[in-house]
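Spelled out from the first residue to the last, the chains are:
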Amino acid sequence: MKDPSEITCSDCGKSYQPDLTTGLGGGCPHCLAQLLAQDTVEDGAGNQARTPLMAGDTLGGMEILEPLARGGMGVVYKARQPKLNRVVAVKVIDAKLAGIPEFTQRFEREARALAVLNHPHVVQVFDFGHEADLCYLVMEWVDGTSLREILAAGHLSPDDALRYVPQICDALEYAHAQGVVHRDIKPENILIDRQGQLKIADFGIARMRGEDGSGPDFVTRAGQMMGTPHYMAPEQQKHTERVDHRADLYSLGVVFYEMLTGELPLGRFPNPSQRVKVDVTLDEVVLKTLEHDPNRRYQRASEIKQALTAPAASTAPAPVSPQLAPAPAAPSHSIPPITGLAWWSLACAILSLVVLWEMTRAWVISPEHLDRRFFSGDVFTVVLRPLSITAGVLAW
């Protein structure tokens, strides 16, 4: 039964409590949240939405060059800063939202969240400000393309995925350490420049954890989800107030699966190795990242990177490096140790010399004193003669 105190929106037909509209100018929180949740893409029909600025206009001393895309907070433009002679990206808040204090604060919160992030794989914020009825954010211009465009063109290989995902992990590990949760990791927000360097953009729906202890932000108070449905973690869809950095890791898992297979992991989806030729160890990494229970996922982005950079995680067998011939050993001038065999040889040599000396003395040196009975006896014939011959052979 409908609560009599609820109000029904004439546009969307949904009901809401009047106390949810505090600070929203009396507007429907469902409609306003839907407006915020628009993807950062152009109109699907190819139509250009009306933008507050046109090419040639100026804003904050910058010259607007062209509109790039419409996002959840407004429109992103390519602009030029004449004083610094550099090209930048300017994000201008939607004029319909600029007059609402909560949305203006949200925009400034985004600027503060980005201002603390200084990382090679995060789009850098340079400045933000207000002019007339417009709020704007000045960001680094990335001369390249989005991951979405690369996926759509079919130009992404599994090896490319293994090169890009660790870069995303580095960016998220850094942002999470600063208390920033992105909440909307998806191919549209992942940019790749002409040198192949990846950067994460659009922290527009990021929340600063512990920023003020007063309670959840506007979207949580309105009971609305922020993010893109297919990339959102289960807890982000059900309990927005319980979302932490692990929601970003789930979204990364969705992006990773899409990078490998070209498909989204919907329903009972096959393992990546069943769709493309990749090592089965990648299945374990992707599936653990996509666990519905946050406690069963990887707990940090660095853990995902570590799992991917392990020797077993590869899309192809590791190349066999040529075996180098061992370098010749340097000549040793040290005296080698005397082994047991050497001692026996030495003893046999001495014995053979003694026998030979006695034979020589008896037959050559003093033949007149020779006692021939000794050399014809059994002792000499059976024992000493074979022993002397053997000793001589072993010794020499």
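Residues numbered from 1 in each chain as written. Predicted model: local features only at pLDDT ≥ 70, side-chain atom pairs only at ≥ 80, totals over all residues. Heavy atoms only, no water.

Asker: Help me understand the sheet that holds strand 12 (residues 198–200), please; the structure alone is not making it clear to me.
Answerer: Sheet strands associate in pairs through backbone hydrogen bonding, adopting either a parallel or an antiparallel arrangement. With respect to topology, 3 strands assemble into an open sheet ordered 9-11-12, the strand pairing being antiparallel. At either margin of the open sheet sits one strand with a lone partner, and together these are strand 9 (144–146) and strand 12. Sheet twist, expressed as the mean angle between neighbouring strand axes with direction ignored, is 25°. Sheet topology places strand 11 (residues 190–193) next to strand 12; 3 bridges connect them, and they run antiparallel. Its bridge partner being in strand 12, L191 is matched across the sheet by K199. Helix-sheet contacts for helix 5 (residues 158–177) involve strand 11 and strand 12, and the interaxial angle to strand 12 is about 40°. (Pairing = 2+ DSSP bridges. Helix = DSSP H or I, 4+ residues; strand = E, 2+ residues; numbered from the N terminus. Axes fitted to C-alpha atoms, helices over the stretch in contact; angles between N-to-C directions. Contact = heavy atoms within 4.5 Å.)

Asker: Can you help me understand the pairing of strand 6 (residues 86–93) in this one?
Answerer: On a regular strand, each side chain points to the face opposite its neighbour's, so the side chains alternate between the two faces of the sheet. Counting buried positions along strand 6 gives 6 out of 8 residues, so the element sits mostly inside the fold. Taken together, the 8 bridges between strand 5 (residues 74–81) and strand 6 define a ladder with antiparallel strand orientation. Counterpart to R80 in the pairing with strand 6 is V87. Turn length for the strand 5-strand 6 hairpin, with the two strands adjacent in sequence and antiparallel, is 4 residues, and the turn residue N85 shows positive phi of about 50°. Across 5 bridges, the pairing between strand 6 and strand 8 (residues 134–140) is antiparallel. Bridge pairing links K91 to L137 in strand 8. (Buried < 20%, exposed > 50% of the residue type's maximum accessible area, 1.4 Å probe, protein only.)

Asker: Before we go on, may I ask you to explain the packing of aromatic side chains in this structure?
Answerer: Aromatic rings considered in pairs are described by the distance between their centres and by the relative angle of their planes. For the structure shown, the criterion picks out 1 aromatic pair. Relative to F269, the ring of Y257 has its centre 5.2 Å away and its plane inclined at 70°; by these criteria the two rings are edge-to-face. Of the two residues, Y257 sits in helix 8 (residues 246–261) while F269 sits in the loop between helix 8 and helix 9 (272–275), which places them 12 residues apart along the sequence. Geometry around Y164 places R163 over its ring, the cationic atom sitting 5.0 Å from the centre. Taking NZ or CZ as reference, K288 lies 4.6 Å from the ring centre of Y298, over its face. (Phe/Tyr/Trp six-rings, centres within 6.5 Å; stacked < 30°, edge-to-face > 60°. Lys NZ or Arg CZ within 6 Å of the ring centre and 35° of its normal.)

Asker: For this particular structure, what's the right way to read unusual backbone geometry?
Answerer: A negative phi angle is the norm for most residues apart from glycine, just as the trans form is the norm for most peptide bonds. At N85, a position not held by glycine, the phi torsion is positive, near 50°. Within the fold, N85 resides in the loop between strand 5 and strand 6. Of note, the phi angle at R183 is positive, near 75°, even though the residue is not glycine. Positionally, R183 belongs in the loop between strand 10 (180–181) and strand 11. Judged by its relative accessible area of 5%, R183 falls in the buried class.

Asker: Looking at this structure, I do not really get the packing of helix 10 (residues 281–289) against helix 11 (residues 301–309). What am I missing?
Answerer: Two quantities define a packed helix pair, namely the angle between the axes and the distance from one axis to the other. Running from N to C, helix 10 and helix 11 cross one another at 170°; their axes reach a closest spacing of 10 Å. When the axis of helix 10 is compared with that of helix 11, the two are roughly antiparallel. The element helix 10 and its partner helix 11 pack so that their crossing is left-handed. Taken together, the residues of helix 11 that come into contact with helix 10 (itself represented by L282, V285 and T289) are I304, A307 and L308. (Parallel < 35°, antiparallel > 145°, perpendicular 65-115°, else oblique. Left-handed = near helix turned anticlockwise from the far one by under 90°.)

Asker: Quick question: what am I supposed to make of the nonpolar core here?
Answerer: Inside soluble globular proteins, nonpolar side chains tend to come together where they are buried. By size, the foremost hydrophobic cluster in this structure holds 59 residues, and its most contacted members are L147, I200, F203, F256, M259, I304 and L308. Of the residues forming this core, the biggest block, 10 residues, is contributed by helix 8. For F203, the residues in contact, after removing those within four places along its chain, are E110, L114, L117, V122, A175, V180 and H182. (Core = buried A, V, L, I, M, F, W, Y, C linked by side-chain atoms within 4.5 Å.)

Asker: I keep staring at the side chain of Q236 and nothing clicks. Help me out?
Answerer: Residue position: Q236 is located in helix 7 (residues 234–238). The exposure class assigned to Q236 is buried, which follows from its relative accessible area of 2%. Among the polar contacts listed, one links the side chain of Q236 to the backbone oxygen of R183, at a separation of 3.0 Å. (Polar contact = N/O pair within 3.5 Å; in protein donor to acceptor, adjacent residues only side chain to side chain.)

Asker: How do you make sense of the sheet that holds strand 4 (residues 62–70) when you look at a structure like this?
Answerer: Here we have 6 strands laid out as an open sheet, ordered 3-4-5-6-8-7, and antiparallel in their pairing. Strands at the two margins of the open sheet, each flanked by one partner only, are strand 3 (58–59) and strand 7 (125–131). Two elements, strand 7 and strand 8, share 6 bridges in a ladder whose sense is antiparallel. By the bridge assignment, V125 is partnered in strand 8 with M139.

Asker: Got a minute to help me understand the pattern of salt bridges in this structure?
Answerer: When the charged atoms of two side chains lie near each other, side chains of opposite charge can form a pair. Applying the stated criterion across every chain, the model contains 14 salt bridges. Here R148 and E258 are joined by a salt bridge, their closest N and O atoms 2.8 Å apart. You can see R148 sitting in helix 4 (residues 147–153) and its partner E258 sitting in helix 8, a full 110 residues away along the chain. With a relative accessible area of 22%, R148 lands in the partly exposed category. (Salt bridge = Lys/Arg side-chain N within 4 Å of Asp/Glu carboxyl O.)

Asker: Please clarify how helix 10 should be interpreted in this entry.
Answerer: Count 3.6 residues to each turn of an α-helix, and residues three or four apart come out pointing the same way. Among the residues of helix 10, L282, D283, V285, V286 and T289 are the ones counted as buried. The buried side chains of helix 10 occupy one side of the element, clustering within an arc of 165° when seen end-on. Those residues of helix 10 that are buried are in contact with helix 5, helix 8, helix 9 and helix 11. (Arc of directions from axis to C-beta.)

Asker: Would you take a moment to explain the packing of helix 5 against helix 8 for this structure?
Answerer: Close contact between helix 5 and helix 8 brings their axes to 10 Å; oriented N to C, the two are set at 170°. In this view, helix 5 runs roughly antiparallel relative to helix 8, as classed from their interaxial angle. Here helix 5 runs over helix 8; the crossing is right-handed. Judged by residue contacts, P158, A161, L162, Y164, V165, I168, C169, L172 and H176 of helix 5 engage D248, L249, L252, F256, M259 and L260 from helix 8. Taken together, the residues of the contact of helix 5 with helix 8 sort by class into 13 nonpolar, 1 polar and 1 charged. (Nonpolar A, V, L, I, M, F, W, Y, C, P; charged D, E, K, R; others polar.)

So yeah, pure geometry; function would need other evidence.
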